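What the coordinates show
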Amino acid sequence: MKFSAVLFDLDGTLANTLGDLADSVNYVLKQKGFPIHNTECYKYFAGDGILKMIERALPNEYASSSIVFELKDMFMDYYSKNYNNKTVAYDGIIELVDILKKNGIKIGVVTNKAQEMAEKVLKKLFGNAFDYILGLREGIPAKPDPTGIFMAMKELNVNPSECAFVGDSGMDVAAGVNAGVFPIGVLWGFREKNELIKFGARETVSTAEELLSLLVNKNES
């Protein structure tokens, strides 16, 4: 198998954004008098877009109320100014991205993070490294729906058989499976290996070096 393109999830895959996400949601919860949560809880709150993250952070009786939309607006205002307080690229990821590009492999991002924030985070950490960035926006369903991956492949002019999708959650893996690409799960992110395997990861990796080796070996096989 030879990969012509590699698509990545963002939160928990390329960058550890957990601290800033947790701090931002906790800030708006506190402003409205709701209980806050420890950072680890956000590993399971995050991943399906802002609305879902806020719903999960709210007490159950408020999760389907209009307060969710009010908190979303407050979150976006706060997070847009505080998205880079703690956020960092995972070890070895900047180097991995650089090596893939130098080897002529197209790279893109398909994330359930809002488009505006996805672009800001990626620009801050990686400059203009990525060939295509697709965040959550109106009219495009969230992963595990494969629409975003199909759009990225069309933009990059590659077929499913020559594309890998790399993510840290079952939702990411399922999106890759649904799109017919090669799904790879990373173990440094927000979720556990058993979740990645359950949803169909063909491979799991523990470090950026392992991921690079997998992609290089696959390209040579």
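Placed above this text is the structure.
Described in the following lines is the structure provided in the data block. (Residues numbered from 1 in each chain as written. Predicted model: local features only at pLDDT ≥ 70, side-chain atom pairs only at ≥ 80, totals over all residues. Heavy atoms only, no water.)

1. Looking at the overall build of the chain
Along the backbone of the chain there are 10 helices and eight strands. Rg of the C-alpha trace for the chain: 17 Å, near the compact-globule value of 17 Å for 221 residues, within the 12% margin. Principal-axis analysis of the C-alpha atoms gives the chain an extent of 55 × 30 × 30 Å. Residue pairs at least 24 apart in sequence account for 65% of intrachain contacts in the chain once pairs closer than 6 positions are excluded. Summed over its atoms, the accessible surface of the chain is roughly 10100 Å², and 49% of this surface lies on carbon and sulfur atoms. Within the chain, one finds 24 positive and 29 negative side-chain charges whose respective centroids are separated by 2 Å. (Helix = DSSP H or I, 4+ residues; strand = E, 2+ residues; numbered from the N terminus. Rg over C-alpha atoms; globule rule 2.2 N^0.38 Å. Contact = heavy atoms within 4.5 Å. Areas by Shrake-Rupley, 256 points an atom, 1.4 Å probe, with all protein chains shown as cover. Lys, Arg positive; Asp, Glu negative; His and termini not counted. Charge placed at Lys NZ, Arg CZ, Asp CG, Glu CD.)

2. Re helix α8 (residues 170–179)
The element α8 is extensively covered by neighbouring structure, given that eight of its 10 residues are classed as buried. Along α8, the positions that sit buried rather than exposed are Gly170, Met171, Asp172, Val173, Ala174, Ala175, Gly176 and Ala179. Looking at the packing, one finds that the buried side of α8 touches β4 (106–114), α7 (147–156), β6 (163–167), β7 (182–186) and α9 (193–198). (Buried < 20%, exposed > 50% of the residue type's maximum accessible area, 1.4 Å probe, protein only.)

3. Some points on the environment of Leu134
Tracing the backbone shows Leu134 in strand β5 (residues 132–136). Of the residues examined, Leu134 reaches a relative accessible area of 1% and is grouped as buried. Residues Leu134 and Leu187 lie 53 residues apart in sequence; the distance between their C-alpha atoms is 23 Å. Setting aside residues no more than four positions away along its own chain, Leu134 makes contact with Val109, Val110, Thr111, Gln115, Ile140, Gly148 and Met151.

4. Section: α7
Gly148, Ile149, Ala152, Met153 and Leu156 are the residues of α7 that are buried. End-on, the buried residues of α7 take up no more than an arc of 135 degrees, which puts them together on one face. Opposite its buried face, α7 presents the exposed residues Lys154 and Glu155, each directed more than 90 degrees away. On its buried side, α7 packs onto β1 (5–8), β4, β5, β6 and α8. (Arc of directions from axis to C-beta.)

5. Section: the side chain of Arg191
Checked against the element boundaries, Arg191 lands in the loop between β7 and α9. What makes Arg191 buried here is its relative accessible area of 14%. Of note is the side chain of Arg191, whose polar atom sits 2.8 Å from the backbone oxygen of Lys43. One polar contact links the side chain of Arg191 to the main-chain carbonyl oxygen of Ala46, over a distance of 3.2 Å. (Polar contact = N/O pair within 3.5 Å; in protein donor to acceptor, adjacent residues only side chain to side chain.)

6. Focus on a negative patch on the surface
On the surface, Asp91, Glu95, Glu209 and Glu210 cluster together into a negatively charged patch. Tracing the chain through its elements places Glu210 in helix α10 (residues 208–220). Looking at Glu210, the relative accessible area reads 37%, which means it is partly exposed. (Patch = residues over 30% accessible without salt bridge, like charges linked within 9 Å, V, L, I, M, F, W, Y side chains within 5 Å. Salt bridge = Lys/Arg side-chain N within 4 Å of Asp/Glu carboxyl O.)

7. A few points about the pairing of β7
Burial within β7 is extensive, with five of its five residues counted as buried. Residue alternation in β7 divides its side chains into two sets, Phe182, Ile184 and Val186 and Pro183 and Gly185, and both sets are buried. Where β6 and β7 come together, four bridges link them in parallel fashion. Counterpart to Ala164 in the pairing with β7 is Phe182. Since β6 and β7 lie parallel, the crossover through α8 that links them has a hand, and here it is right-handed. Sheet topology places β7 next to strand β8 (residues 203–205); three bridges connect them, and they run parallel. (Pairing = 2+ DSSP bridges. Right-handed = clockwise from strand over helix to strand, strands pointing away.)

Everything listed here is a matter of geometry and, on its own, says nothing about what the molecule does.
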